[in-house]
Amino acid sequence: MQRTLSIIKPDAVKKGVIGKIIDRFESNGLRIAAMKKVRLSKCDAKAFYAVHKERPFFGELVDFMVSGPVVVMVLEGNDAVAKNRELMGATNPKEAAKGTIRADFAESIDANAVHGSDSLENAKTEIAFFFAQREIC
């Protein structure tokens, strides 16, 4: 059993597709162990995406992530990291497989609907960024 972090980004929240995205997770064997809707501060977004701070898109990413509320979740299940990434699809929605979250709900490579941890190690760090252990059921 693994846990991973998922974020429904501001573009998908604004579109009103939170429930549709959650259904994708639950219908594919991932259980929601924790969930909350938050509005990130610039400081939060910069800290969370610090791994990208040297990349040219960092400022735009931070601005996008603070542009509206997000839904953060801890997903739990067998091979949760890989399953979540499969359900999300490629970062660029134009390259995402049909039926994936990004193919169906993302607008662009920048406004790509969801974030998911890319490894078990990063999942642990990312989950701890948003959730205290007592918040995870």
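What counts and how
Residues numbered from 1 in each chain as written. Predicted model: local features only at pLDDT ≥ 70, side-chain atom pairs only at ≥ 80, totals over all residues. Heavy atoms only, no water. Helix = DSSP H or I, 4+ residues; strand = E, 2+ residues; numbered from the N terminus. Polar contact = N/O pair within 3.5 Å; in protein donor to acceptor, adjacent residues only side chain to side chain. Salt bridge = Lys/Arg side-chain N within 4 Å of Asp/Glu carboxyl O. Buried < 20%, exposed > 50% of the residue type's maximum accessible area, 1.4 Å probe, protein only. Core = buried A, V, L, I, M, F, W, Y, C linked by side-chain atoms within 4.5 Å. Contact = heavy atoms within 4.5 Å. UniProt positions renumbered as here; feature names shortened; annotations may be inferred. Pairing = 2+ DSSP bridges. Axes fitted to C-alpha atoms, helices over the stretch in contact; angles between N-to-C directions.

### Brief notes about the side chain of Arg102
Summarising the element assignment, Arg102 is placed in helix α6 (residues 101–105). Polar contacts involving the side chain of Arg102 include one to the main-chain carbonyl oxygen of Asn112, which spans 3.2 Å.

### Quick word on the pattern of salt bridges
Scanning all chains against the criterion turns up six salt bridges. Across the pair Glu76 and Arg3 runs a salt bridge, and its minimum N-O distance is 2.8 Å. Placement of Glu76 in strand β3 (residues 70–77) and of Arg3 in strand β1 (residues 2–8) is noted, with a sequence separation of 73 residues between them. Among the residues examined, Glu76 registers a relative accessible area of 12% and is labelled buried. Residue class for Arg3 comes out partly exposed when judged on its relative accessible area of 29%. With its nearest N and O atoms 2.8 Å apart, the salt bridge here joins Asp63 to Lys42. In this pair, Asp63 is assigned in helix α4 (residues 58–65) and Lys42 in helix α3 (residues 42–48), connecting sequence segments 21 residues apart. Each of Arg3, Arg31 and Glu76 takes part in salt bridges that share partners, so that together they form one network.

### Focus: the nonpolar core
Within the largest apolar cluster, 22 residues are counted, with the highest numbers of intra-cluster contacts made by Ile7, Met65, Phe130 and Phe131. Every residue in contact with Phe130, bar those within four places of it in the chain, is listed here: Leu5, Ile7, Lys36, Leu40, Phe48, Val72 and Glu135.

### Things to note about the UniProt feature "active site" (unreviewed entry) in the protein
Look at the UniProt record and you will see "active site" (unreviewed entry) annotated at His115. Counting through the fold element by element, His115 comes out in strand β4 (residues 114–116). Contacts of His115, omitting those with residues within four sequence positions, involve Leu5, Ser6, Ile7, Lys9, Phe48, Tyr49, Asn84, Met88, Arg102 and Glu126.

### Description of the sheet that holds β1
Taken in spatial order, the four strands line up as β2-β3-β1-β4 in an open sheet, and their pairing is antiparallel. The open sheet is flanked by β2 (31–38) and β4, the only strands paired with a single partner. Within this sheet the neighbouring strands show an average axis-to-axis angle of 20 degrees, counted without direction. Examined bridge by bridge, β1 and β3 share seven bridges and lie antiparallel to one another. Residue pairing for β3: Ser6 is matched across the bridge by Met73.

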